[in-house]
Amino acid sequence: MISEVPEIRVVYQDDYLVAVDKPAGLLVHRSPIDRHETEFAVQKVRDRVGRHVFPVHRLDRPTSGVLLFAFSAEYAGMLGRMWMGKEVSKQYRALVRGWLNGAGLIDYALRYRKDKYADKYKRDDLPPQPAVSEYQCIERYLLPYGVGRYPQTRYSLVSLYPQTGRKHQLRRHMAHVRHPILGDTTHGDGKHNKFVRGEFNFDNLALTCTQLSFVHPITAKRICISAQPHFNMAALIENWQQYRV
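The following refers to the structure shown. Since the structure is predicted, the reported quantities are computational estimates derived from the model, not experimental observations. (Residues numbered from 1 in each chain as written. Predicted model: local features only at pLDDT ≥ 70, side-chain atom pairs only at ≥ 80, totals over all residues. Heavy atoms only, no water.)

### Here's the deal with the overall build of the protein chain
No. 1: Looking only at helices and strands, the protein chain has five helices and ten strands in total.
No. 2: Taken across its 245 residues, the protein chain has 47% of its residues classed as buried.
No. 3: At a minimum sequence separation of 6, the contacts of the protein chain that also span at least 24 residues come to 64%. (Helix = DSSP H or I, 4+ residues; strand = E, 2+ residues; numbered from the N terminus. Buried < 20%, exposed > 50% of the residue type's maximum accessible area, 1.4 Å probe, protein only. Contact = heavy atoms within 4.5 Å.)

### A closer look at the pairing of strand β7 (residues 132-143)
No. 1: As defined by bridge partners, strand β6 (residues 103-107) adjoins β7 across five bridges and the pair is classed as antiparallel. Along β7, the bridge assignment pairs G104 with Y135.
No. 2: Of the pairings in the sheet, the one linking β7 to strand β8 (residues 153-162) comprises ten bridges and is antiparallel in character. Paired with Y135 across the strands is L160, a residue of β8. (Pairing = 2+ DSSP bridges.)

### What about the packing of aromatic side chains?
No. 1: Overall, the coordinates contain eight aromatic pairs when judged by the stated rule.
No. 2: Aromatic rings pair up to connect Y141, Y145, Y155, F195, F200 and W240 into one cluster.
No. 3: Between the NZ or CZ atom of R51 and the centre of the ring of F71, over which it lies, the distance is 3.8 Å.
No. 4: In this structure, R154 packs its charged tip against the face of W99, placed 3.9 Å from the ring centre. (Phe/Tyr/Trp six-rings, centres within 6.5 Å; stacked < 30°, edge-to-face > 60°. Lys NZ or Arg CZ within 6 Å of the ring centre and 35° of its normal.)

### A closer look at helix α4 (residues 190-200)
No. 1: Among the residues making up α4, those that are buried are H192, N193, F195, V196 and F200. End-on, the buried residues of α4 take up no more than an arc of 160 degrees, which puts them together on one face. Exposed side chains of α4 directed beyond 90 degrees from the buried face belong to K191, K194 and G198.
No. 2: On the buried face of α4, the contacting elements are β5 (89-97), β7, β8 and α5 (231-239).
No. 3: Where α4 begins, one side-chain oxygen reaches toward the backbone nitrogen of K191, 2.9 Å away; that side chain belongs to D189.
No. 4: A positive phi of about 55 degrees marks N201, the residue just after α4. (Arc of directions from axis to C-beta. Polar contact = N/O pair within 3.5 Å; in protein donor to acceptor, adjacent residues only side chain to side chain.)

### Here's the deal with the environment of K86
No. 1: Tracing the backbone shows K86 in the loop between α2 (73-84) and β5.
No. 2: Given a relative accessible area of 59%, K86 falls into the exposed group.
No. 3: Remark: the alpha-carbon pair of K86 and G165, spanning 79 residues in sequence, is separated by 9.4 Å.
No. 4: Discounting residues that sit within four places of it in the chain, K86 has contacts with Q163 and T164.

### Quick look at the nonpolar core
No. 1: Formed by 62 residues in total, the largest nonpolar core has its most connected members in L68, L95, L160 and W240.
No. 2: For W240, the residues in contact, after removing those within four places along its chain, are L95, Y141, L143, Y155, L182, V196 and F200. (Core = buried A, V, L, I, M, F, W, Y, C linked by side-chain atoms within 4.5 Å.)

### Looking at the pattern of salt bridges
When charged atoms on two side chains of opposite charge get close, those side chains can pair.
No. 1: The full count for this structure, using the stated rule, is seven salt bridges.
No. 2: The salt bridge partner of D60 is R171, with a shortest N-O separation of 3.1 Å. In this pair, D60 sits in the loop between β3 (54-55) and β4 (64-70) while R171 sits in helix α3 (residues 169-176), placing the two residues 111 residues apart along the sequence.
No. 3: A single salt-bridge network, built from bridges that share partners, covers D60, R171 and D184. (Salt bridge = Lys/Arg side-chain N within 4 Å of Asp/Glu carboxyl O.)

### Quick word on the side chain of K90
No. 1: For K90, the location among the structural elements is in strand β5.
No. 2: Not counting residues up to four positions away in its chain, the partners in contact with K90 are W83, L160, Y161, P162, Q211 and L212.

Keep in mind these values describe shape, not function.
As structure tokens, then:
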């Protein structure tokens, strides 16, 4: 649980769009999931730029990184159609349990998981939805700590490229291939979450949207918007450089 959400940072802005680096722990907009929450990305961005904004996509509350807004419903709709048409390239960085080798593709259909508030009118018998993610291992670490029955612990820093947009797709796909994302309390490994929390004071989800790339719907120019992993995740990666293999 994040006790204090950092201020939001604008990473791109023009006459039509604005993108921010969303901190971990911040909801995109008001939700029945947490009726007591008083701060939202939509509100913070509106106050920061002095204009009404319309979210183009979502990031889960614990996920940080590039979050895109439009300055009108029309522009948001244009970008939304690009999103649905797979015309937007997305890159994430994550820390996962175990060692991954090279690059790979996860093609594993995901059953829709209903939210008891937002999805209460959706059917219960929806078939699994096609879901595809690509990954690329960036660094591997061997820590001299025992977690479970092993005397040493392995982790990987990976780039993730979702080709579809299912709920919790990256988190569920990495759990499916037995490399859950650190700090994931829903789909992750509780022993490893407890280890990094106790040994390294890391109490976040180690998942950040680091890049969005698309052709601007108005100017037709290629736009690439980037952000770095959030502060706690970046600090953990820096700490683990001594354990690189």
